[in-house]
Amino acid sequence: MANMSKKKTPSLAIWLLYLGLLWFDSFPGLEAATGKLASIPGLYVFGDSLVDAGNNNYLPISIAKANYPRNGVDFPKKKATGRFSNGKNAADVIAEKFGLPLPPPYRSLKGALKGQSIPLSHQVDDWLSIHNEVTGKLRPAEAQVHLSKSLFIVVIGSNDLFDYYGSFKTREKNNPQQYTRSMADKLKEQLKRIHETGARKFLVVGVAQIGCIPGNRDTESDLHECDEEANRSCSLYNEALVKMLQQLKQELQNSMSYSYFDNFKSLQDINSNPARFGFTEVTSACCGSGKLNAASHCQPISKFCPDRTKHLFWDRFGHPTEAASRTFVDLMLSNDSQYSSPLTLTQLASS
């Protein structure tokens, strides 16, 4: 970032929960209609460990791995694939809903990287390679239809906020408003690059209440309060993100459609009324150790909850259980517009 100011700005690929690109080798003629949901020919996912299918396995320097038990205890064949979950993540569930196969990690097809994270800009570089493969296999008109009808998912931002609160120097140089606006601006640059390749439908997921994940709660208090300072920065970023998406659509002369999913509100509502969503435990991690199971990350020797369907969080970092991922996706697809704007995921797919 040589042309940037001296202030530290977010790279959208920072800290402990590393990023990856997932993709489906799905072309017209292979798509599957699924009940009331529109058929989509492809699903391309850009993001962090919330939607990673195992790209972390191919980052030799990274210590953030999930390719060992207890991860995957509820995945088919009880296999730990590199997903930070007991089972499937949100990208998997979306694929299922639209009748598409589960995603392979992109790095499993291209080999390991010398690094500990994959910045979003590099994920977009990878997408350009995939784009060339797609357009090389199809006639121009077919490629245009495939890209315009496919769904492009972006789940990113939490790591940058973790980094912000983990770095005194960063907080000294940037106030929360400056930092979160810069995050949104950097994301806008990458969304433009993706759009230039023919992408037209975007699902963009906002940042959840990272102050309420097990590892950020007050373990010394009986109430286990959330870190509200961290939550306020999440709100600031989401506000900047919503404004950026509105501006981007105008700049692109309405040639893109999008669904913004309010992950902050969804988690807030689940925390406020767990029973309504089928959960009984929303403060502690299912897998870990110590208070709230948040003293260490999920390991083969960790204790884990017997009923994962009742737990919101899988680990101390706030990765959701498969049950939670399914709940979030159901809210994305729901006609209840309080969580999605300007379109729900169902409306976006059929637009």
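See the structure shown above.
Bear in mind the structure is a predicted one, so any value in this text is a computation, not a measurement. (Residues numbered from 1 in each chain as written. Predicted model: local features only at pLDDT ≥ 70, side-chain atom pairs only at ≥ 80, totals over all residues. Heavy atoms only, no water.)

**Student:** An account of the state of the cysteines is requested, with residue identities and associated values reported.
**Tutor:** Applying the stated criterion across every chain, the model contains three disulfides. The disulfide partner of cysteine 286 is cysteine 305, and the gap between their sulfur atoms is 2.0 Å. Its torsion about the S-S bond being -100°, the disulfide of cysteine 286 and cysteine 305 is classed as left-handed. Here cysteine 286, found in the loop between β6 (281–285) and β7 (287–288), pairs with cysteine 305, found in the loop between β8 (303–304) and β9 (311–313); they are 19 residues apart in sequence, far enough to count as distant. One exposure class covers both cysteine 286 and cysteine 305, and it is buried. Disulfide pairing is shown between cysteine 287 and cysteine 298; the S-S distance is 2.0 Å. On the S-S bond that ties cysteine 287 to cysteine 298, the torsion sits near 75°, and the link is right-handed. Of this pair, cysteine 287 sits in strand β7 while cysteine 298 is found in the loop between β7 and β8, placing the two residues eleven residues apart along the sequence. Looking at cysteine 298, the relative accessible area reads 3%, which means it is buried. Once the bonded cysteines of the chain are numbered in order along the sequence, the disulfide links fall as 1-2, 3-6, 4-5. Not engaged in a disulfide, the cysteine cysteine 234 finds its nearest cysteine sulfur in cysteine 212; these two sulfurs lie 8.9 Å apart. (Disulfide = S-S within 2.5 Å. Helix = DSSP H or I, 4+ residues; strand = E, 2+ residues; numbered from the N terminus. Buried < 20%, exposed > 50% of the residue type's maximum accessible area, 1.4 Å probe, protein only.)

**Student:** I'd like a description of the packing of helix α3 (residues 120–137) against helix α7 (residues 176–196), backed by residues and values.
**Tutor:** Contact pair α3 / α7: the axes reach a minimum separation of 10 Å and the direction vectors enclose 0°. If you check the angle between α3 and α7, you find them roughly parallel. Facing α3, whose interface residues are Leu120, Ser121, Val124, Asp125, Trp127 and Leu128, α7 presents Leu187, Gln190, Arg193 and Ile194. Split by residue class, the contact of α3 with α7 holds six nonpolar, two polar and two charged. (Axes fitted to C-alpha atoms, helices over the stretch in contact; angles between N-to-C directions. Parallel < 35°, antiparallel > 145°, perpendicular 65-115°, else oblique. Contact = heavy atoms within 4.5 Å. Nonpolar A, V, L, I, M, F, W, Y, C, P; charged D, E, K, R; others polar.)

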